[in-house]
Amino acid sequence: KQTLNSPSLIIEIQGMCNENVVVTRDRVTLRGTNPALDGIHAVSNATQTDAALWVRGAHQVVVENLKLTGGFTGLLATEASTPSLRMVNCRSEGNAAYGVALETSLLEAEDTVLTSNGNYNAGVFSGADVFCGIPANVSGTSNCSLYPKA
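Okay, so let's go over this structure. As the structure is a prediction and not an experimental result, all values here were calculated from the model. (Residues numbered from 1 in each chain as written. Predicted model: local features only at pLDDT ≥ 70, side-chain atom pairs only at ≥ 80, totals over all residues. Heavy atoms only, no water.)

Some words on the overall build of the protein chain
Then, number 1: From N to C terminus, the protein chain includes zero helices and 18 strands.
Then, number 2: With 150 residues in all, the protein chain has 47% of them scored as buried.
Then, number 3: Sequence-distant contacts, at least 24 apart, represent 50% of the contacts inside the protein chain between residues at least 6 apart.
Then, number 4: Only carbon and sulfur atoms are counted for the fraction: they give 51% of the accessible area of the protein chain, which is about 7000 Å². (Helix = DSSP H or I, 4+ residues; strand = E, 2+ residues; numbered from the N terminus. Buried < 20%, exposed > 50% of the residue type's maximum accessible area, 1.4 Å probe, protein only. Contact = heavy atoms within 4.5 Å. Areas by Shrake-Rupley, 256 points an atom, 1.4 Å probe, with all protein chains shown as cover.)

Topic: the packing of aromatic side chains
A ring pair, where both rings are aromatic, is described by two values, the distance of the centres and the angle of the planes.
Then, number 1: Across all of its chains, the model carries one aromatic pair by this definition.
Then, number 2: Relative to Y120, the ring of Y98 has its centre 5.8 Å away and its plane inclined at 20°; by these criteria the two rings are stacked. Of this pair, Y98 sits in strand β12 (residues 98-103) while Y120 is found in strand β15 (residues 120-125), placing the two residues 22 residues apart along the sequence.
Then, number 3: Judged by its relative accessible area of 29%, Y120 falls in the partly exposed class.
Then, number 4: For the cation-ring pair, R56 lies above W54, with the distance from its terminal atom to the ring centre recorded as 4.8 Å. (Phe/Tyr/Trp six-rings, centres within 6.5 Å; stacked < 30°, edge-to-face > 60°. Lys NZ or Arg CZ within 6 Å of the ring centre and 35° of its normal.)

Focus: the pairing of β15
Remember that side chains alternate between the two faces of the sheet whenever the strand is regular.
Then, number 1: Of all six residues making up β15, five are buried, and the element is well covered by its neighbours.
Then, number 2: Here β12 pairs with β15 via five bridges, running parallel. Within the sheet, the bridge partner assigned to L102 lies in β15 and is V124. (Pairing = 2+ DSSP bridges.)

Let's talk about the environment of R86
Then, number 1: By the secondary structure assignment, R86 is in strand β10 (residues 85-88).
Then, number 2: Considered as a pair, R86 and Q60 are 26 residues apart in the sequence and their alpha carbons are 7.8 Å apart.
Then, number 3: If sequence neighbours within four positions are ignored, R86 has contacts with V61, V62, V63, L107, E108 and E110.
Then, number 4: A polar side-chain atom of R86 sits 3.5 Å from a polar atom in the side chain of E110. (Polar contact = N/O pair within 3.5 Å; in protein donor to acceptor, adjacent residues only side chain to side chain.)

Here's the deal with the nonpolar core
Generally speaking, a soluble globular protein has its nonpolar side chains buried in company with each other.
Then, number 1: Within the largest apolar cluster, 27 residues are counted, with the highest numbers of intra-cluster contacts made by V23, L30, I40, L53, V55, L75 and M87.
Then, number 2: Elements with a contribution of two residues or more to this core: β3 (21-23), β4 (28-31), β6 (51-56), β9 (73-78), β10, β12 and β15.
Then, number 3: No other element matches the three residues that β6 contributes to this core.
Then, number 4: Each residue touching L30, except ones within four places of it in the same chain, is listed here: I11, I13, V23, I40, L53, V62, V63, E64 and L66.
Then, number 5: Residues A51, L76, A97 and Y98 belong to the second largest nonpolar core, which totals eight residues. (Core = buried A, V, L, I, M, F, W, Y, C linked by side-chain atoms within 4.5 Å.)

Considering the pattern of salt bridges
Then, number 1: Summed over all chains, the structure comprises five salt bridges.
Then, number 2: Note that R91 and E93 form a salt bridge whose closest N and O atoms lie 2.6 Å from each other.
Then, number 3: Its relative accessible area of 16% is what places E93 among the buried residues. (Salt bridge = Lys/Arg side-chain N within 4 Å of Asp/Glu carboxyl O.)

This is the structure in structure tokens:
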């Protein structure tokens, strides 16, 4: 496990990456140039942990200009909180259950769209929180599930 003082790691993604990605290291940036062209397409989507991107216990993770698709969840964040997980100019769509699912996590979303996902575009569980900066958009208020903090 890295510490909050670890050097930053920037991973450039060009095109669609076909795999389920798990980030457990602090201070990681996953960066594309255009969410219409660059992103992560999950190869499996049967269970909750089959996310296109699972941020598991990592801090200071940034996802920029990427599409997250094809998973049970586009972005699953578990125990990824202060300092926060950020999505900037991203799209999470075409996932079996959730666009974003947060468990004991904090997400800051900016210029990000969550739409056309199976059950809910956003699920916030067990002490989690989401801050959508303008103009982030969770499509359709009836398609958003926010559960109270524990």
